[in-house]
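# Working through the structure, step by step
Chain by chain, the residues:
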Amino acid sequence: MRQGRADEYAEFAVARAGHLYRSACLLTAGDTHLAEDLVQETFGRLYVRWGRVSRAENPAAYAQTVLTRAFLAHQRRRSSGERATDVFPDLPGAGDGDASLRLTLLDALARLPAKDRAVVVLRYWDDRSVEQTADVLGVSSAAVRTRCSRALGRLRDLLGEDLSEYARP
């Protein structure tokens, strides 16, 4: 890669790293180590294709798409030796907000299937439209709406209608 493009890539990576990491943490339901791996894999894939990515209409959206697809690919190839746990690692900035609410939400997200979790994160964390979410996941808009409706219903079942009991007084 030429120096000009390498500098452009480095500037992009520094600017997007925080947002991609936060999205990855939500996708992985708080698994910070996996989130770091997914972000690194995303940046590796972007680096290889930076010439094409930099000319894209929205490189940030392209990066989010790569991250989401890396997460879903990881979920599909998860080895049978791995076991989910209900113990969360210390999260960066966990003391900044209401820890009880944060852990409750991460636990609820962790109980959703991977594709449902991806839909919820893309639609409500990343603030994407139904069509944009469908493009990222490679499914129809109707499938996104259906998954979103079911995932939100499942979250309501898990969390109850009122989250005020978890918030600080």
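Note: the structure precedes this text.
Anyway, here's the lowdown on the structure attached to this text. Predicted model, so just to flag it, every value in this text is computed and none were measured.

Quick look at helix α1 (residues 3-27) now. Counted at 1.5 Å a residue, the expected span for α1 with its 25 residues is 36 Å, and the 34 Å between its end C-alpha atoms agrees. Three or more residues of α1 are buried, namely Tyr9, Phe12, Ala13, His19, Leu20, Tyr21, Ser23, Ala24, Cys25, Leu26 and Leu27. The secondary structure elements touched by the buried residues of α1 are α2 (32-48), α3 (50-53), α4 (59-77), α5 (99-110) and α6 (114-125). Looking one or two residues beyond α1, the residue adopting positive phi is Ala29, at roughly 55°.

Judged by nonpolar contacts, the single largest core of 42 residues is most densely connected at Val39, Phe43, Leu46, Leu67 and Leu137. Of all elements in the fold, only α1, α2, α3, α4, α5, α6, α7 (130-137) and α8 (141-159) reach the threshold of two or more residues within this core. Counting residues per element, this core draws most heavily on α1, at nine residues. Non-local contacts of Leu137, meaning those with residues more than four positions away in its chain, are made with Thr68, Leu72, Ala118, Val119 and Leu122.

Positive phi is not limited to glycine here, since Ala29 has a value of about 55°. Tracing the chain through its elements places Ala29 in the loop between α1 and α2. Non-glycine residue Asp127 carries a positive phi angle of around 55°. Its location among the elements puts Asp127 in the loop between α6 and α7.

Considering all chains together, one arrives at three aromatic pairs under this definition. Ring centres 5.2 Å apart and planes at 75° place the aromatic pair Tyr9 and Tyr47 in the edge-to-face group. With Tyr9 in helix α1 and Tyr47 in helix α2, the pair connects residues that are 38 residues apart, well separated along the chain. By relative accessible area, Tyr9 is classed as buried at 11%. With a centroid separation of 5.4 Å and an interplanar angle of 75°, the aromatic rings of Tyr9 and Trp50 are classed as edge-to-face. Of this pair, Tyr9 sits in helix α1 while Trp50 is found in helix α3, placing the two residues 41 residues apart along the sequence. The same class applies to Tyr9 as to Trp50, namely buried.

Let us now look at the packing of α4 against α7. For any two helices packed against each other, one specifies the inter-axial angle together with the distance between the axes. Between α4 and α7, the least distance of the axes is 9 Å, while the angle of their chain directions is 55°. With respect to α7, the axis of α4 lies oblique. Of the two possible hands of crossing, α4 and α7 adopt the one that is right-handed. Facing α4, whose interface residues are Thr65, Thr68, Arg69 and Leu72, α7 presents Asp135, Val136 and Leu137.

About the criteria used
Residues numbered from 1 in each chain as written. Predicted model: local features only at pLDDT ≥ 70, side-chain atom pairs only at ≥ 80, totals over all residues. Heavy atoms only, no water. Helix = DSSP H or I, 4+ residues; strand = E, 2+ residues; numbered from the N terminus. Expected span 1.5 Å × (residues − 1). Buried < 20%, exposed > 50% of the residue type's maximum accessible area, 1.4 Å probe, protein only. Contact = heavy atoms within 4.5 Å. Core = buried A, V, L, I, M, F, W, Y, C linked by side-chain atoms within 4.5 Å. Phe/Tyr/Trp six-rings, centres within 6.5 Å; stacked < 30°, edge-to-face > 60°. Axes fitted to C-alpha atoms, helices over the stretch in contact; angles between N-to-C directions. Parallel < 35°, antiparallel > 145°, perpendicular 65-115°, else oblique. Left-handed = near helix turned anticlockwise from the far one by under 90°.

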